[in-house]
There are 2 protein chains.
Amino acid sequence: MTEYPQTTKERILEVAGDIFGKEGFKATTIRRIAGAAQVNIAAINYHFRDKEGLYSAVLEHVFHIGFTRFPSKMGIEDDTLPEQQLLFFIRGMFYRLLSNEGWAGLSGRGRLIARELLAPTPAFEAVLDKYIKPHKDLLVSIIIAIMGENPGPRILLPCAISIIGQCIYYALAAPVIKKIAEENAPVEGNLDRLAEFVWLFSLGGIEKIRQKTSCVTR
Amino acid sequence: MTEYPQTTKERILEVAGDIFGKEGFKATTIRRIAGAAQVNIAAINYHFRDKEGLYSAVLEHVFHIGFTRFPSKMGIEDDTLPEQQLLFFIRGMFYRLLSNEGWAGLSGRGRLIARELLAPTPAFEAVLDKYIKPHKDLLVSIIIAIMGENPGPRILLPCAISIIGQCIYYALAAPVIKKIAEENAPVEGNLDRLAEFVWLFSLGGIEKIRQKTSCVTR
DNA sequence: AAAAGAGTAAAACAAATGTTTGAATACTGC
DNA sequence: GCAGTATTCAAACATTTGTTTTACTCTTTT
């Protein structure tokens, strides 16, 4: 991505993120990383100890970049309406997951995240606590605000999962979506429209769930 | 899974599905498969030509099993109400993706599918046409029936993606969901409840989308 | 300017992995 | 029962790949 002079270490991190994401941990060879980063093979082991050490560093780096450029609360103020908060939250996810300044549509480094969801490595535990749990908690609090009551985890968490699931699926299945529904592929120009769609869809979902559960409990 | 005598070829297929799913293509060694299936290494190349040939066969086999045991239209008759059809469709996905008779929660062979969504291999093209596209078309027709009108692909496909996305995310992120929302992990005993939740949520979503788009177009 | 240390380079090592070979064994049709 | 085919097996081959070693270069410190 960045062509301007960087330190060897930085260049390795950037390049490794893309390649690990595209190929997966096992399929990635340090020779390939070294080649792409125009760095000697031994430099990788020198800076990161071994392949696994490099991977951990990459994972942390990727999450740091994503949540620094697109924080969970992006655009959300204390006086923002709950519904608006949800829109910002979803739009944030789309941009973090799919924009080029973010995780580039999981086509590059971002696919790392999907791979970790699928099969968490030990290195994932750290980012789970640091980035993902707070992110989830924020969403849950937004849902509570929209519902106007706290229906408990058996309602809240599935709601959160449904919302996050839609966003991540766009990112995860981007290659397939491009093939069977090209018009709606999650490319840069579509992000706002798709985010707004998911937002509306989710508002409707939350509303429906609220009706049903209120109906049952009372 | 099956312990009773099978042909070598069948045993290889079964075992390879699990291992490819858990480890990914590159990380899977044919020696490991041979060991687990109690088969000579060369037998694999004999029956399937090479590692890639085995993988293609496994992928087709996995999809065949899944859509044979849990067909897209499972439970859907011609006179089923559209809303009911959606419930059956979603429930079918949950069982296909997550039950032990299906793809076993992507913990075993089913994870193959998620891997293919993430990074399609050439072998995926075939199953895409044979299984996935018809499956998508069915869902789209159900959505049209629920909406009572055809709002065009820019509305329909995002709807379909939102619905499928929720289902697949449960399967994909099962390891992580277990960690942060254990009560709602997609295990056998939760499938009906979660399917019904996703159904309600999606009905609400479709309704909301329909309102908005009618509002704008007219 | 000399010494020390950090960073880089090329080559070599050892383990693993996909594939092939050629012989041995089981099965099938006549 | 036998020829012919299909299947299984153990061993070997050629690559690939993570890691280490050793020497070299450059910067910083004294």
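So, how was this worked out
- Residues numbered from 1 in each chain as written.
- Chains lettered and ligands numbered in written order.
- Predicted model: local features only at pLDDT ≥ 70, side-chain atom pairs only at ≥ 80, totals over all residues.
- Heavy atoms only, no water.
- Near = heavy atom within 4 Å.
- Polar contact = N/O pair within 3.5 Å; in protein donor to acceptor, adjacent residues only side chain to side chain.
- Nonpolar A, V, L, I, M, F, W, Y, C, P; charged D, E, K, R; others polar.
- Helix = DSSP H or I, 4+ residues; strand = E, 2+ residues; numbered from the N terminus.
- Contact = heavy atoms within 4.5 Å.
- Buried area = accessible area lost by both parts, 1.4 Å probe.
- Salt bridge = Lys/Arg side-chain N within 4 Å of Asp/Glu carboxyl O.

A.B. asks: Provide a residue-level description of the protein's contact with DNA strand D, including the pertinent values.
C.D. replies: Among the 16 residues in the neighbourhood of DNA strand D, the closest are listed as I30 and R31 of chain A together with T8, Y46 and H47 of chain B. Each atom of DNA strand D within 4 Å of the protein was assigned to sugar, phosphate or base; sugar and phosphate come to 51%. Backbone polar atom of K51 of chain A to a phosphate oxygen of DNA strand D: 2.9 Å apart, as the coordinates give it. Across the surface near DNA strand D, the residue classes tally to five nonpolar, six polar and five charged.

A.B. asks: Explain the protein's contact with DNA strand C residue by residue, including any values.
C.D. replies: Surrounding DNA strand C, one finds 15 residues, the nearest of these being T8 and Y46 of chain A together with I30, R31 and K51 of chain B. When atoms of DNA strand C within 4 Å of the protein are split into backbone and base, the sugar-phosphate part holds 51%. Between DNA strand C and H47 of chain A there is a distance of 2.9 Å, counted from a phosphate oxygen to a side-chain nitrogen or oxygen. Contact distances for DNA strand C include 3.0 Å between a phosphate oxygen and a backbone N or O atom of I30 of chain B. Broken down by secondary-structure element, the contributors of at least two residues to the surface near DNA strand C are α3 (41–48) of chain A together with α2 (30–37) and α3 (41–48) of chain B. Among the residues forming the surface near DNA strand C, the class breakdown is five nonpolar, six polar and four charged.

A.B. asks: Outline the interface of chain A and chain B, supporting the account with residue identities and numerical values.
C.D. replies: Contact with chain A, which involves 52 residues of that partner, is made by 52 residues of chain B. Together, the buried faces of chain A and chain B total about 5100 Å²; carbon and sulfur atoms form 75% of this surface. Here chain A and chain B share four salt bridges between them. Two residues, K179 of chain B and E125 of chain A, come together in a salt bridge whose shortest N-O distance is 2.9 Å. Where chain A touches chain B, the interface holds eight residue pairs in polar contact (both at pLDDT 80 or more). The set of elements that each furnish at least two residues to the side of chain A that touches chain B consists of α6 (111–118), α7 (124–147), α8 (153–172), α9 (174–180) and α10 (191–217) of chain A. The element best represented in the side of chain A that touches chain B is α8 of chain A, accounting for 16 residues. Class assignment for the residues of the side of chain A that touches chain B results in 33 nonpolar, seven polar and twelve charged.

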